[in-house]
Amino acid sequence: MPEEPEDRRPEDELREMLQQFLSGQGPIDPSRLAGAAGMPSDPAQLQALMAQLQAALARTDDGIDWSAAQRQAAAVVQRDPGSVTTAERDAVRQAADLAALWLSETTEIGAAASSLTLLSRQQWVDATIPVWQEMSEPVANSIANALTSAMQEHAPEEAQELLAGAERILRNVGGTMFAMQLGNVVGQLASETIAGGDFGFPLLEDTAALLPVNLRAAAEGLEIPEDQVRIWMAARELAHARLFHHARWLRLHVLSSVREYAEGIRIDVDRLEELAESFDPTNPEELREALGSGALIPPKTPEQVEALARLETTIALIDGWVDAVTESATARLPKRDAIAETVRRRRATGGPAEKAFGTLVGLEIRPRRLREAAAFWHAVTDAVGPEVRDSLWDQADLMPGSADIDDPSRVIARLRGVGELDEMDLALQELLDDAERGDGEADEGPAPAAG
């Protein structure tokens, strides 16, 4: 038996051990590990998973290989890529042209964003995966680092030398597992998404897009003429793109808010250590349940709660404006209200892939308070008209807040030019009122005594 070289490093031993496992020669059944991680375990997908993890072992740089997410998403889409006829595409384009004309009667902002792109499921994945990555990266790094620490802390003494200096290998493998989970979710979302603005987040930069294959599937479930559904969906997507085209600051504002929230997420190390101590490789259901339920992501911190509240208010205002403008633009459609209510319910509940993303990243991608925000924009429109209403998107500091959604009167007063008093003005006004009351009391001093 040949002697091992004296300069053989512990991380080389770890890499060899993991490679043996990934090739099916280790003590853990790879299909069980794939199931525990929520990954598909059919032969083709399992082979792809093992290949990606082998590639992670071979990488010399540190960090997450996000190309694994894109490859996994593409593999999911290829199971059912869908197909659309030329006639269907032409019908969607005609609907978009009409929707653009109607939308121009409702709002003047972002008129340059009136063209609409038709995407396949794969094209949607390719276009949006960078934003999904950006939203997920803080959590992925946290999970990879926590897994590395837990393995090192709970490894038996004889394995400590093996793990010493092997942080990069462990992080690469853990990060690749997360990236592939994300790719699995995004691939599933590609079969649920109808338009670029479905989730409120600006997944597509300055672009209006529809997925005709999913639009057809959505229309088939409604007892509504398909041409009306196409026009309504096109109007809503174009309104969403117009808003972001006009308010150039808005996309960065939203994505920065997402990042602010996500960077506060930390993995529950105590829970992870419990799993590490009790993990049975032949029975991974406990690990699968922890990953699938989001149990590794602890309750939100007060800072996260505040960041999430600000983000939800912004998304609600965006979607509320889009809903209000779409309602006005599609007034000619007999089934407008029925379509709007159906889509509103669909957005409120979400699909399985959205729930999976929320579990994986700890961030719900469904906006709250949609009805209240839409009512706010209707009230503002009725009071000052669409042109003045839309001026609220000119600058970030003009954007309404949560309190304004509840009571739009202050915003309306400001837009009418009545003048909204800021805190300093209110304080000064209160001092003046007190002074006037004091002068009045002095004038009404005690009457002189009768002579």
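Computed from a predicted model, the values in this text were never measured in an experiment.

J.: Give me the lowdown on the overall build of the protein chain, citing residues and values where you can.
T.: For the protein chain, the count of helices and strands is 21 helices and 2 strands. Relative to its full complement of 451 residues, the protein chain shows a buried share of 46%. Counting only contacts in the protein chain whose residues sit at least 6 apart along the sequence, the fraction spanning at least 24 positions is 82%. Summing over all exposed atoms, the protein chain offers an accessible surface of approximately 22200 Å²; the carbon and sulfur share of this is 51%.

J.: Lay out the pattern of salt bridges in plain terms, naming residues and giving numbers.
T.: Counted according to the given criterion, the structure contains 16 salt bridges. A salt bridge links R251 to E205, with the shortest nitrogen-to-oxygen separation between them at 4.0 Å. In this pair, R251 is assigned in helix α11 (residues 248-262) and E205 in the loop between α8 (167-189) and β2 (208-210), connecting sequence segments 46 residues apart. In this structure, the salt-bridge partner of R236 is D323, at a minimum N-O distance of 3.2 Å. Residue R236 is found in helix α10 (residues 226-246), and its partner D323 is found in helix α14 (residues 302-329); the two are separated by 87 residues along the sequence. Here the two residues R236 and D323 agree in accessibility, since each one is buried.

J.: Break down the packing of α10 against α11 for me, citing the residues and quoting the values.
T.: Each pair of packed helices gets described by two things: the angle between the helix axes and the distance between those axes. Two elements in contact, α10 and α11, have axes separated by 4 Å at closest approach and are oriented at 100°. Comparing the axis directions of α10 and α11 gives the class roughly perpendicular. In this structure, α10 uses L243, F244, H245 and H246 to contact α11, whose residues at the interface are R248, L250 and R251. Looking at the contact of α10 with α11, its residues break down into 3 nonpolar, 2 polar and 2 charged.

J.: Got a sec to walk through the layout of surface pockets? Specific residues and values, please.
T.: By volume, the second largest pocket amounts to about 240 Å³. In terms of lining residues, the second largest pocket is bounded by 14 residues, among which I194, N214, A217, A218 and R346 are the most central. Only α9 (212-220) and α15 (336-349) provide two or more residues apiece to the lining of the second largest pocket. In terms of residue class, the lining of the second largest pocket is built from 7 nonpolar, 4 polar and 3 charged.

J.: Requested: an account of the packing of aromatic side chains, with residues and values cited.
T.: What describes a pair of aromatic rings is the distance from one ring centre to the other and the angle between the planes of the rings. Scanning all chains against the criterion turns up 5 aromatic pairs. An angle of 70° between the planes, with centres 5.8 Å apart, marks the rings of W132 and F199 as edge-to-face. Of this pair, W132 sits in helix α6 (residues 121-154) while F199 sits in the loop between α8 and β2, and the two are 67 residues apart along the sequence. Given the relative accessible area of 0%, W132 is considered buried.

J.: Tell me about the nonpolar core, and name the residues and values.
T.: Counting residues in each nonpolar core, the largest one holds 97 residues, and the members touching the most others are W124, L210 and W393. Top element by residues in this core is α14. It accounts for 12 residues. In contact with W393, not counting residues within four places along its chain, are L243, H246, A247, W249, L250, L317, I318, W321, W377 and M399.

J.: Before we move on, can you summarise the packing of α10 against α15 with the specific residues and values?
T.: Here α10 crosses α15 at 60°, and the two axes come no closer than 10 Å. The angle between α10 and α15 falls in the class oblique. The way α10 lies across α15 gives a crossing that is right-handed. Packed against α10, whose contacting residues are Q228, V229, W232, M233 and R236, the element α15 presents R336, I339, A340, V343 and R347 at the interface. Grouping the amino acids of the contact of α10 with α15 by side-chain chemistry returns 6 nonpolar, 1 polar and 3 charged.

J.: How would you summarise the side chain of Q228 if you had to cite specific residues and measurements?
T.: Position of Q228 relative to the elements: it lies in helix α10. For Q228, the residues in contact, after removing those within four places along its chain, are L333, P334, K335 and I339.

Definitions and limits used
- Residues numbered from 1 in each chain as written.
- Predicted model: local features only at pLDDT ≥ 70, side-chain atom pairs only at ≥ 80, totals over all residues.
- Heavy atoms only, no water.
- Helix = DSSP H or I, 4+ residues; strand = E, 2+ residues; numbered from the N terminus.
- Buried < 20%, exposed > 50% of the residue type's maximum accessible area, 1.4 Å probe, protein only.
- Contact = heavy atoms within 4.5 Å.
- Areas by Shrake-Rupley, 256 points an atom, 1.4 Å probe, with all protein chains shown as cover.
- Salt bridge = Lys/Arg side-chain N within 4 Å of Asp/Glu carboxyl O.
- Axes fitted to C-alpha atoms, helices over the stretch in contact; angles between N-to-C directions.
- Parallel < 35°, antiparallel > 145°, perpendicular 65-115°, else oblique.
- Nonpolar A, V, L, I, M, F, W, Y, C, P; charged D, E, K, R; others polar.
- 1 Å grid on protein atoms, 1.4 Å probe; cavity = no way out; pocket = protein on both sides within 12 Å on 5 of 7 lines; lining within 4 Å.
- Points joined across faces, edges and corners; volume = space filled by probe spheres on them.
- Phe/Tyr/Trp six-rings, centres within 6.5 Å; stacked < 30°, edge-to-face > 60°.
- Core = buried A, V, L, I, M, F, W, Y, C linked by side-chain atoms within 4.5 Å.
- Left-handed = near helix turned anticlockwise from the far one by under 90°.

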